[in-house]
Amino acid sequence: MLDAELIAARERRGGEAPRVLDVGGGSGVFAVPLAVAGCAVTVVEPSPNALATLHRRAHEAGVSERITAVQGDSDALGDLVAPESADLVLAHGLLEVVDDPAVTLAALAGTVAPGGALSVLVANRYATVLQRAISGRLVDARRLLDHETGVLGLSGEPLLRRFDTEGLRALLAATGLTVELLQGQSVVSDLVSGAALDTSPAAVEALAELERLAAETPPLRDIATRLHAIARH
């Protein structure tokens, strides 16, 4: 999906490098491969340690000149990034940890260029409930199901919230962007144990095809480990 966005952005720009904004991009897991693919990438990240790792990875990949690293929080995005400046904005693993996801999404939407897109990847609350239940942690599963934001509600918990499909769709729609895609990521593959997995080429291909179909098929999509949305300016 992201490859298609970048191809379209390059066409809109007459062959120029697509501009990508990766908010909360950490150590460059997405930024470095995108830069290798020819994109001009800006990473906004609060952690200096993560940015140091990003610089190292970019240098090793020979793409330092294509990556701009900015230390800062998503709350200050309007002061860090020009409005409507990015063809593709990534918010992967971000909304689970910000203070107010609605405010963050509004700021992210403001950075999307006309015709561009926002890509959001979030943890799915119902998948976490199922995973806890399957592993026998039934008390945790019930607490996750009952909690308003899909967490255990314990101090020190890394995530402030998890999402479901309708909640994520509503948040994105409130920004004024058009939600074009809402699919699952890791619907069945995270449920298959390594011992039970047939690693023959045919079985691997069959699992990939099942995963692709399940990602777009409610209610299977709705129990994916993560939810991925594309919203357009």
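Before reading further, recall that the structure is shown in the block above.
Note that the structure is a prediction, hence the values are computed from the model and not measured. Position labels on residues start from 1 in each chain and follow its written sequence. Selection of residues for local features in this predicted model requires a pLDDT of at least 70, selection of side-chain atom pairs for listing and counting requires 80 or more, and totals for whole chains, interfaces and linings are taken over all residues. Derived side-chain values reflect all non-hydrogen atoms in the structure, with water molecules and hydrogen atoms excluded from consideration.

Q: How should I be thinking about the overall build of the protein chain in this particular structure?
A: Helix and strand content of the protein chain: nine helices and seven strands. For every residue, the accessible area obtained with a 1.4 Å probe (protein chains only) is divided by the maximum for its type, and the residue is called buried under 20%, exposed over 50%, and partly exposed between those limits. For the protein chain, with 233 residues in total, the buried portion stands at 43%. The contact definition used throughout considers only heavy atoms, calling two residues in contact when any of these lie within 4.5 Å. By sequence separation, contacts in the protein chain at least 24 residues apart represent 70% of the contacts at least 6 residues apart. Surface exposure here means Shrake-Rupley accessible area, sampled with a 1.4 Å probe, where a residue is shielded only by the protein chains that are shown. Per element, the accessible surface of the protein chain, about 11,500 Å² overall, is 57% carbon and sulfur. Within the protein chain, one finds 19 positive and 30 negative side-chain charges whose respective centroids are separated by 2 Å. Secondary structure elements are defined from DSSP: runs of H or I of at least 4 residues count as helices, runs of E of at least 2 residues count as strands, and each element is numbered from the N terminus. Positive charge is attributed to Lys and Arg, negative charge to Asp and Glu, and no charge count is given to His or to the chain ends. To locate a charge, take atom NZ for lysine, CZ for arginine, CG for aspartate or CD for glutamate.

Q: Please clarify how the pairing of strand E2 (residues 40–45) should be interpreted in this entry.
A: A regular strand places its side chains so that they alternate between the two faces of the sheet. Here the rule is simple: two strands pair whenever DSSP picks up at least two bridges between them. Across five bridges, strand E1 (residues 19–23) lies against E2 in parallel orientation. Paired with leucine 21 across the two strands is threonine 42, which belongs to E2. Looking down the strands as they point away from you, a crossover is right-handed if its path from the first strand over the helix to the second goes clockwise. Handedness of the crossover is the feature at issue here: the chain leaves E1, passes through helix H2 (residues 31–36), returns alongside E2, and the resulting connection is right-handed. Pairing between E2 and strand E3 (residues 67–71): five bridges, direction parallel. Directly across from glutamate 45, in E3, lies its bridge partner glutamine 71. Each parallel crossover has a hand, and for E2 linked through helix H3 (residues 48–61) to E3 it is right-handed.

Q: Looking at this structure, how should I read the pattern of salt bridges?
A: Between side chains of opposite charge, a pair can form as their charged atoms come close. A pair is scored as a salt bridge if a Lys or Arg side-chain nitrogen falls within 4 Å of a carboxyl oxygen belonging to Asp or Glu. Counted under the stated rule, the structure contains 13 salt bridges. Arginine 66 serves as the salt-bridge partner of glutamate 65, at 3.9 Å between the closest nitrogen and oxygen. When the shortest N-O distance is used, the salt bridge between aspartate 146 and arginine 142 registers 2.6 Å. Within this pair, aspartate 146 and its partner arginine 142 are both found in helix H7 (residues 138–146), separated by four residues, close to a single helical turn. According to the relative accessible area criterion, arginine 142 is exposed, its value standing at 53%. A network of salt bridges, in which partner residues are shared, links Arg12, Arg13, Arg19 and Asp87.

Q: Just to check I follow, could you spell out the sheet that holds E3 for this structure?
A: Adjacent strands of a sheet form backbone hydrogen bonds with each other and so pair up, either parallel or antiparallel. Spatial strand order, E3-E2-E1-E4-E5-E7-E6: seven strands in an open sheet with mixed pairing. The outermost strands of the open sheet, each flanked by one partner alone, are E3 and strand E6 (178–185). Direction aside, the axes of adjacent strands within the sheet are offset by 15° on average. Along the sheet face, helix H1 (residues 2–12) touches E1, strand E4 (86–92), strand E5 (112–123) and strand E7 (226–232) and points at about 160° away from the line of E4. Between N-to-C directions, angles cover 0 to 180 degrees, with each direction set by a line fitted to C-alpha atoms, over the stretch in contact for helices.

Q: Please explain a nonpolar patch on the surface as it appears in this structure.
A: Here the term patch refers to residues with relative accessible area over 30% and no salt bridge, with like charges joined within 9 Å and nonpolar side chains (Val, Leu, Ile, Met, Phe, Trp, Tyr) within 5 Å. Together, Leu130, Ile134 and Leu191 line one region of the surface with nonpolar side chains, adding up to about 290 Å² of accessible area. Looking at the secondary structure, you find leucine 130 in helix H6 (residues 125–134). On the accessibility criterion, leucine 130 (34% relative accessible area) is partly exposed.

Q: I keep staring at the packing of H6 against H7 and nothing clicks. Help me out?
A: The interhelical angle for the contact between H6 and H7, taken along N-to-C directions, is 165°, at an axis separation of 7 Å. It follows that H6 is roughly antiparallel to H7 by the angle criterion. Note on packing geometry: the crossing formed by H6 with H7 is left-handed. Contacts between H6 and H7 involve Arg125, Tyr126, Thr128, Val129, Arg132 and Ala133 from the former and Leu138, Asp140, Ala141, Leu144 and Leu145 from the latter. When its residues are assigned to classes, the contact of H6 with H7 shows seven nonpolar, one polar and three charged. For classification purposes, angles smaller than 35 degrees are called roughly parallel, those larger than 145 roughly antiparallel, those between 65 and 115 roughly perpendicular, and all remaining angles oblique. Crossing chirality is assigned from the near helix's rotation relative to the far helix, an anticlockwise turn below a right angle marking it left-handed and a clockwise turn marking it right-handed. For this classification, Asp, Glu, Lys and Arg are treated as charged, while Ala, Val, Leu, Ile, Met, Phe, Trp, Tyr, Cys and Pro are nonpolar and the rest, including Gly, are polar.

Q: Hey, could you run me through the environment of glycine 14 in this one?
A: With respect to the helices, strands and loops of the structure, glycine 14 is situated in the loop between H1 and E1. Linking glycine 14 and valine 63, residues 49 residues apart in sequence, is a C-alpha distance of 22 Å.

Q: Looking at this model, I keep getting lost on H3. Mind explaining?
A: At 3.6 residues per turn, the α-helix brings residues three or four places apart onto the same side. Here, expected helix span is obtained from the residue count minus one, scaled by 1.5 Å. Here H3 spans 20 Å end to end across 14 residues, near enough to the 20 Å set by a 1.5 Å rise per residue. Every buried residue of H3 is accounted for by Ala50, Leu51, Leu54 and Ala58. Looking down the long axis of H3, one finds its buried residues gathered within 95° of arc, a one-sided arrangement. The exposed set on the far side of H3, more than 90 degrees from its buried face, consists of Asn49, His59 and Glu60. For H3, the secondary structure elements touched by its buried residues are H2, E2 and E3. Taken from the helix axis, the directions to the C-beta atoms give the arc we talk about.

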